[in-house]
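Chain and residue survey
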Amino acid sequence: MKLSGHFSALIISWIAVLGCTQAVTLEVREGNSTCIKAELSASMSIPYNTSSSTRTVQVFLPNSTTVDASSSSCGGDGRDPWLVAVFGDGHALGLSFSTNGSLYSVANLMLQYNLSDASVFPQANRSDVVTVVSTSVGIWANINTTYRCLHSSSFRVGGSTVTFSNMRLEAYMPRNDLSPNESICVADQGTTLAPPTTASTTVAPPPTPPSPGTPDRGAYSVKNNGTVCLLAQMGLQLNVSYSVQSQNKTIREIMNLNPNLTIASGSCGASSATLVLTQEQTTTLTFTFTLNSTSKKYHLSGLTLLANWSDMTAPFSAGSSSLDYLQSSLGHSYMCNTVQMLVVGPTFSLNTFRLQVQPFDVTAGKFATAEDCQMVGDQMIIPIVVGAALAGLVLIVLIAYLIGRKRSHAGYQTI
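The next subject is the overall build of the protein. The helix and strand inventory of the protein stands at 3 helices and 26 strands. In the protein, buried positions account for 42% of the 415 residues. When the accessible surface of the protein is summed, it comes to about 21700 Å², and 54% of that surface belongs to carbon and sulfur atoms.

As a volume, the second largest pocket reaches approximately 470 Å³. Surrounding the second largest pocket, 21 residues form its lining, Ser 98, Ser 105, Thr 278, Thr 284 and Leu 306 being those nearest its centre. The dominant element in the lining of the second largest pocket, judged by the number of residues it contributes, is strand β7 (residues 103-114), at 5 residues. Grouping the amino acids of the lining of the second largest pocket by side-chain chemistry returns 9 nonpolar, 12 polar and no charged.

This brings us to the state of the cysteines. Put plainly, two cysteines are in a disulfide when a covalent bond ties their sulfur atoms together. Inspection of the entire model under this criterion finds 3 disulfides. What pairs with Cys 35 in a disulfide is Cys 74, and their sulfur atoms sit 1.9 Å apart. The sign of the -85° torsion about the S-S bond sets the Cys 35-Cys 74 disulfide as left-handed. Here the residue Cys 35 occupies a position in strand β2 (residues 33-49), and Cys 74 occupies one in the loop between β4 (66-67) and β5 (82-87), the gap between them amounting to 39 residues. Using a relative accessible area of 18% as the deciding quantity, one classes Cys 74 as buried. A disulfide bridge connects Cys 336 with Cys 373, and the sulfur atoms are separated by 2.0 Å. The S-S bond linking Cys 336 to Cys 373 shows a torsion near 75°; that makes this disulfide right-handed. Of this pair, Cys 336 sits in strand β23 (residues 333-336) while Cys 373 sits in helix α3 (residues 373-410), placing them 37 residues apart in sequence. In this structure, Cys 336 and Cys 373 share a single accessibility class: buried.

Within strand β18 (residues 272-279), 6 of the 8 residues are buried, which leaves the element mostly enclosed by the surrounding structure. A loop of 3 residues connects strand β17 (residues 262-268) with β18, the two strands running antiparallel in sequence. In this structure, β18 lies alongside strand β19 (residues 283-292), joined through 8 bridges in antiparallel fashion. Residue pairing across strands places Ser 272 opposite Thr 290, the latter belonging to β19.

Let's shift gears to unusual backbone geometry. With a phi close to 65°, Asn 144 is a non-glycine residue in the positive phi region. As for its placement among the helices and strands, Asn 144 is situated in the loop between β9 (140-142) and β10 (146-149). One non-glycine residue, Asn 166, lies in positive phi territory at about 50°.

Of note, Ser 165 is situated in strand β12 (residues 160-171). Residues Ser 165 and Glu 39, 126 residues apart in the sequence, show an inter-C-alpha distance of 9.5 Å. Apart from residues lying up to four places away in sequence, Ser 165 is in contact with Leu 40, Ser 41, Cys 149, Leu 150, His 151 and Ser 152.

Bringing the confidence of the model for the protein into the picture now. This prediction gives the protein a mean pLDDT of 83; 82% of its residues lie at or above 70. β4 holds the highest mean pLDDT among the elements of the protein, 96, whereas helix α1 (residues 5-18) holds the lowest, 41. Contacts for the low-pLDDT stretch residues 191-206, under 50 throughout, to residues beyond four places or in other chains number 10 contacts. Segment residues 376-382: pLDDT under 50, and 0 contacts once partners within four positions in sequence are set aside and those in other chains are kept.

Further remarks concern the environment of Val 339. Relative to the helices and strands, Val 339 is located in the loop between β23 and β24 (340-345). Spatially, the C-alpha atoms of Val 339 and Thr 214 are 9.8 Å apart, while their sequence positions differ by 125 residues.

About the criteria used
- All chains use their own residue numbering, which begins from 1 and follows the written sequence.
- Local features are withheld for residues below a pLDDT of 70 in this predicted model, meaning they are given only at 70 or higher, and side-chain atom pairs are given and counted only at 80 or more; totals for whole chains, interfaces and linings count all residues.
- Hydrogens and waters are ignored; side-chain quantities use all the structure's heavy atoms.
- Numbering of helices and strands runs from the N terminus, with a helix taken as a DSSP run of H or I at least four residues long and a strand as a DSSP run of E at least two residues long.
- Buried means the residue's accessible area, taken with a 1.4 Å probe over protein chains only, is under 20% of the maximum for its type, while exposed means over 50%, and partly exposed covers the values in between.
- Computed with a 1.4 Å probe, the accessible areas rest on the Shrake-Rupley method; for each residue, only the protein chains presented here act as cover.
- Site definitions follow a grid-based scheme: protein atoms alone, a 1 Å grid, a 1.4 Å probe that fits but cannot get out for cavities, and for pockets an open set with protein on both sides within 12 Å along at least five of seven lines, plus lining residues having an atom within 4 Å of a point.
- Grid points are joined across faces, edges and corners, and a volume is the space filled by probe spheres set on the points.
- Three categories are distinguished: nonpolar for Ala, Val, Leu, Ile, Met, Phe, Trp, Tyr, Cys and Pro, charged for Asp, Glu, Lys and Arg, and polar for the others, with Gly belonging to the last.
- Note on terminology: disulfide denotes any pair of cysteine sulfur atoms within 2.5 Å.
- When DSSP finds two or more bridges between a pair of strands, those strands are recorded as paired.
- The contact definition used throughout considers only heavy atoms, calling two residues in contact when any of these lie within 4.5 Å.
- Per-residue confidence from the predictor is reported as pLDDT, which spans 0 to 100.

Next comes the structure, spelled out in structure tokens:
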């Protein structure tokens, strides 16, 4: 198969401008000391508009990537540490970090791209620089420990996707090189801990633990400039599979979130809203809601759990940014009094109890009229019932026609 001339030229321009895709090493220094170091490969899937269509380009972090000294910082004086890598003609990829004293995590993932760079964005109908940011991406480790994830990990940043691989990084470093102690991501743990596969080997799933009972219902809110912009009331139950050090095996844990020990935070935007629930600095649950401005519908698009419980072999991290739960209309809240299981991945799901949530268009700090999950289910059943009835009617008419036709032929038999 031959590539079109346009597509071939586009690939050549990417290679010429962005170089190879092997891992790059990036460091943020303060004087003679290194405070952030990263070794990683990264690719970015970025959609953009032309005058006639929407295109998506795949951009790779090149060997020529450098650290922007003016934007990068070791933090201090109320500022978060930042690693900002710049490449090409005005493009950048940034990571900011935060810590609670024992753990550090990537607090923000920033992507900046320059639409006036015609070699990467040919025929773009805009020429401005676009900056998008995502919070709570699920990259974290203990202080004085290197975060390692060799497998590919993808994160939604605005409408774009950033994929890391061959990643080793550390922030708040006490020395000038990465720590030999490593916190291994869940994807790598699945590879290193799995037993050899043979024709007769069957790996049993972790046993189901006893249920801790129905969780208490918590009331949570997020404010923007002093005004409530997101409301949620729900009981939450975590269902997690993780490795324990003392037993040297994977166990399954069902744990209720305690509203009395949980602090709510987050942010609200025009098309995206985030609710972050933190329990005793050992459990962080992040909800991301997305609004479709065309259909005027919103849904839960992202859910991430970070946990550092006692006896874990490594901090637990699991999440997804491509979910489609809790759908409702703008100007309404979503309500579901029945138990829902929100499956995020093979190692993490979330059970919700007596849930009501409204991430957009909150007025006077109160829920708007609710769209009930049962009502939505009934609305889906009605067309199915009507369709089945019509199909049955058509079948009856067809049978009657065939019987009548047979009798008609029988009346003209030859004597």
